[in-house]
Amino acid sequence: MKYVDNKAEDIKIAYIGGGSRGWAWGFMSDLASVDDMCGTVYLYDIDMEAAKKNEVIGNSIKNADGCKSIWQYKAADNIADALTKADFVVISILPGTFDEMESDVHLPEKYGIYQSVGDTSGAGGIVRALRTIPMFEEIAENIKKYCPQAWVINYTNPMTMCVRTLYKVFPEIKAFGCCHEVFGTQKLLVTALDEICGIKNVKREEIKVNVVGVNHFTWMTKAQYRDIDLFPVYRKFAEKYKDTGYIREVDENWMNRFFKGSEKVKIDLFLRYGVIAAAGDRHLAEFCTGDWYLKDKDTVEDWGFALTPVSWRKEDLQRRLERSERLYTGEEKFELKETGEEGVQQIRALLGFSELVTNVNIPNQGQIPNLPIGAVVETNACFRADSLNPVFAGNIPKSIYSLVSHVCGVQERVVEAAIKRDMESVFNAFVSDLNVNIPLSKARELFDSMIAKTKSYLSMYF
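Per chain, residue numbering runs from 1 following the sequence as it is written. Totals for whole chains, interfaces and linings use every residue, but because this is a predicted model, local features are given only for residues with pLDDT of at least 70 and side-chain atom pairs only at 80 or more, for both listing and counting. In computing side-chain properties, one takes all heavy atoms of the structure into account and sets aside hydrogens as well as water.

1. Let's talk about the overall build of the protein
Numbering goes from the N terminus for both helices and strands, where a helix is a DSSP run of H or I of at least four residues and a strand is a run of E of at least two. Scanning the protein for helices and strands turns up 17 helices and 14 strands. The globule rule used here is 2.2 Å times the number of residues to the 0.38 power, and the radius of gyration it is set against is calculated over C-alpha atoms. In terms of overall size, the protein behaves like a compact globule, its C-alpha atoms giving a radius of gyration of 22 Å where 462 residues would be expected to give roughly 23 Å. For the protein, the spread of C-alpha atoms along the three principal axes comes to 60 × 55 × 45 Å. When a residue's accessible area, from a 1.4 Å probe over protein chains only, is under 20% of the maximum for its type it is buried; when over 50% it is exposed; and in between it is partly exposed. For the protein, with 462 residues in total, the buried portion stands at 58%. Here, two residues are considered to be in contact whenever any of their heavy atoms come within 4.5 Å of each other. Counted over contacts in the protein with a minimum sequence separation of 6, partners at least 24 positions apart contribute 72%. As displayed, the protein has an accessible area near 19,400 Å², and 48% of this comes from carbon and sulfur atoms. Methods summary: accessible areas were calculated by the Shrake-Rupley approach with a probe of 1.4 Å, and residue burial reflects only the protein chains presented.

Set out below in structure tokens:
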């Protein structure tokens, strides 16, 4: 990498999961939308054919309207070629297939356990973690070997446990996890400002917040727009919509009835605990006792959100595969569209082109004093030239401490047990999850059944 005329050139980015038919395209679009850096993106994927198709798609972007920078895309035959001397590493993988995720999400329903997402917490999130953690151990070892100074951006779920594994294996790694859930709550606060105060045309980034918690169970202890404390504003908004929920306009090309959310869970949690829950309802519900929001399908409907079936994900994958073929053959032209994700802006800040404060998932260095040091937490952090420093967020408020600390403890135990290949300790973490609210004997049946369904990915444990 070098700097020429205030531009960073010859940057090397390794994209692990480079055959992605979604996240990778968004990342490509965001890269092409900035004009102060360029380089090469190496696409590594266990599906080499998918990576090669993305190589062709990526290299076609230079002809897209609005392209501001030229990036070369190369499919890497092996992870060593992708990582060697990389400046940045992006990790976006699917641990297993949607067949395994189908078991994660739907097998627990036979025991009365419903999951709206199933990739972060609960029965599904824990079993998914068992597949994911060994993969991240290998990735961490390879980063240590081939590019120990690279900055590592993770998008894979379960986010907290993925990032924790990277640091467990390679403590000196410079890794962080990115999630856009907080952005949605900032947008909701923009709406509250408009409806309650009549203040219009506020941008999400103008809502300044203090973030505490763990990924997908994130909270705001402060929210400010200029000199306006947004907590009283949001309370009025919450009281207004606590019974009906608030349905914002959504992009029908992305959202549908399986991703809907009325913000009723978020509002309920705020009115009960006095802290702004800062993730989508589908995620928030999974961290709470199952009887609250996920007791059964009728309860979910009453709370105005949705259970996302894995059948929908399979159908969506087929649609994306078809689009991949059109982009690959040139039948469809790649259109640049900024995603709203901040990965590329974080890279720019780390290169010294800006200073950025935003929420990320990194080990606790004391930014949340009443959670364990080393546990991966979500708070704001400041990105500057080749540095990432957490912003002191303060204690988890007492009103939600038992909820958040419990989740943190379960996640810490799962990572520790998985790295030790101790399945009995994993089971003990499994049954302590708040959504696995069934008798111990039934929990053992469920756990064993779920493990059997995904055992082909778990040979290292047996």
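That was the structure; now back to the text.
2. Points about the pattern of salt bridges
Put simply, a salt bridge is a Lys or Arg side-chain nitrogen that is within 4 Å of an Asp or Glu carboxyl oxygen. Scanning the entire structure with this criterion turns up 28 salt bridges. Here Lys-2 and Asp-10 are joined by a salt bridge, their closest N and O atoms 3.6 Å apart. You can call Asp-10 partly exposed: its relative accessible area is 46%. Lys-168 serves as the salt-bridge partner of Glu-416, at 2.6 Å between the closest nitrogen and oxygen. Placement of the pair is Glu-416 in helix 15 (residues 398-419) and Lys-168 in helix 6 (residues 159-169), with a sequence separation of 248 residues.

3. Considering the environment of Lys-297
Among the structural elements, Lys-297 can be located in helix 12 (residues 297-302). Classification of Lys-297 by relative accessible area gives exposed; the value is 53%. Separated by 185 residues in the primary sequence, Lys-297 and Gly-112 have C-alpha atoms spaced 10 Å apart. Dropping the residues within four chain positions of it, Lys-297 is found in contact with Tyr-114 and Leu-307.

4. Points about the pairing of strand 14 (residues 387-390)
In the sheet, strand 13 (residues 376-384) pairs with strand 14 via 4 bridges, with the strands oriented antiparallel. Note on strand 14: the bridge partner recorded for Arg-384 is Ser-387. Here strand 13 hands over to strand 14 after 2 residues, with Asp-386 in that stretch at a positive phi of 50°. At least two DSSP bridges between two strands are needed for those strands to be called paired.

5. Here we look at helix 13 (residues 310-329)
Expected span of a helix: the number of residues minus one, times 1.5 Å. When the terminal C-alpha atoms of helix 13 are compared, their 29 Å separation across 20 residues agrees well with the 28 Å that a helix rising 1.5 Å per residue should span. Of the positions making up helix 13, those classed as buried are Val-310, Trp-312, Arg-313, Asp-316, Ser-324 and Leu-327. Seen along its axis, helix 13 keeps its buried residues to an arc of 125°; they face one direction. Within two residues after helix 13, Gly-330 carries a phi angle of roughly 90°, on the positive side. What the arc describes is the spread of directions from the helix axis to the C-beta atoms.

6. Describing the packing of helix 15 against helix 16 (residues 423-432)
Axis lines are fitted to C-alpha atoms, over the contacting stretch for helices. Their N-to-C directions set the angle, which ranges from 0 to 180 degrees. In the contact formed by helix 15 and helix 16, the axes pass within 8 Å of each other and the chain directions differ by 160°. When the axes of helix 15 and helix 16 are compared, the pair comes out roughly antiparallel. Like other packed secondary-structure pairs, helix 15 and helix 16 cross with a definite hand, here left-handed. Residues His-406, Val-410, Arg-413, Val-414, Ala-417 and Ala-418 of helix 15 touch helix 16, and the partners they reach there are Ser-425, Val-426, Asn-428, Ala-429 and Ser-432. Only Asp, Glu, Lys and Arg are considered charged, only Ala, Val, Leu, Ile, Met, Phe, Trp, Tyr, Cys and Pro nonpolar, and every remaining residue, Gly among them, polar. Broken down by class, the residue content of the contact of helix 15 with helix 16 amounts to 6 nonpolar, 4 polar and 1 charged. Any angle between 65 and 115 degrees counts as roughly perpendicular, while under 35 counts as roughly parallel, over 145 as roughly antiparallel, and the rest as oblique. Here a crossing is taken to be left-handed if its near helix is turned anticlockwise relative to the far helix by less than a right angle, and right-handed if that turn runs clockwise.

7. Some words on the environment of Glu-445
On the secondary structure map, Glu-445 appears in helix 17 (residues 440-453). Sequence-wise, Glu-445 and Phe-136 are 309 residues apart; in three dimensions their C-alpha atoms are separated by 28 Å.

8. So, the packing of aromatic side chains
Within 6.5 Å between ring centres, the rings of Phe, Tyr and Trp (the latter by its six-membered ring) count as paired, and their orientation is classed by plane angle as stacked under 30 degrees, edge-to-face over 60, tilted in between. Considering all chains together, one arrives at 18 aromatic pairs under this definition. Ring plane angle 85° and centroid distance 6.1 Å describe the contact between Trp-292 and Tyr-293, whose orientation is recorded as edge-to-face. Put simply, the rings of Phe-231, Tyr-234, Phe-237, Tyr-241, Tyr-246 and Phe-270 touch in pairs and so form one group of aromatic residues. The residue whose ring lies beneath Lys-53 is Tyr-328, and the NZ or CZ to ring-centre distance is 5.4 Å. Counted as over-ring charges are cases with an Arg CZ or a Lys NZ within 6 Å of the ring centre that also lie within 35 degrees of the ring normal. When the ring centre of Trp-292 is taken as reference, the NZ or CZ atom of Arg-272 above it lies at 4.5 Å.

9. Some points on the nonpolar core
Put simply, buried Ala, Val, Leu, Ile, Met, Phe, Trp, Tyr and Cys residues joined by side-chain atoms within 4.5 Å make one nonpolar core. Counting 42 residues, the largest nonpolar core has Ile-13, Leu-31, Met-37 and Phe-176 as its most contacted members. For Met-37, the residues in contact, after removing those within four places along its chain, are Lys-7, Ala-8, Ile-11, Leu-31, Ser-69, Trp-71, Val-344, Ile-347, Arg-348 and Leu-351. Residues Val-275, Leu-307, Val-404 and Val-407 belong to the second largest nonpolar core, which totals 32 residues.

10. Some thoughts on the packing of helix 16 against helix 17
Here helix 16 crosses helix 17 at 125°, and the two axes come no closer than 10 Å. In terms of axis orientation, helix 16 runs oblique to helix 17. Judged by the twist between their axes, the crossing of helix 16 over helix 17 is right-handed. Between helix 16, through Met-423, Glu-424, Val-426, Phe-427, Phe-430 and Val-431, and helix 17, the contact on the second element is made entirely by Leu-440, Ala-443, Arg-444, Leu-446, Phe-447, Met-450 and Ile-451.

11. Quick word on the side chain of Ser-33
By the secondary structure assignment, Ser-33 is in the loop between helix 1 (23-32) and strand 3 (37-44). A distance of 2.8 Å separates a polar side-chain atom of Ser-33 from the backbone oxygen of Ser-29. Non-local contacts of Ser-33, meaning those with residues more than four positions away in its chain, are made with Lys-68, Leu-336 and Glu-338. What qualifies as a polar contact is a pair of N or O atoms within 3.5 Å, subject to a donor-acceptor requirement within protein and to the restriction that residues adjacent in sequence count only when both atoms come from side chains.

12. Describing the side chain of Ser-92
Inspection of the secondary structure puts Ser-92 in the loop between strand 5 (88-91) and helix 4 (98-106). What Ser-92 contacts, discounting residues up to four positions off in sequence, is Tyr-15, Ile-16, Gly-17, Trp-23, Tyr-155 and Thr-156.

13. A closer look at helix 7 (residues 181-197)
With 17 residues, helix 7 ought to run about 24 Å at 1.5 Å a step, and its terminal C-alpha atoms sit 24 Å apart, in line with that. Within helix 7, burial applies to Glu-181, Val-182, Phe-183, Thr-185, Gln-186, Leu-188, Leu-189, Val-190, Thr-191, Ala-192 and Leu-193. At the C-terminal side of helix 7, Gly-198 shows a positive phi close to 75°.

14. What about the pairing of strand 13?
Along strand 13, 8 of the 9 residues are buried, which leaves the element largely enclosed by surrounding structure. In terms of strand pairing, strand 12 (residues 356-363) meets strand 13 through 8 bridges, oriented antiparallel. Each residue of the ladder has a partner; that of Leu-356, found in strand 13, is Phe-383.

The values are spatial; any link to function lies outside them.
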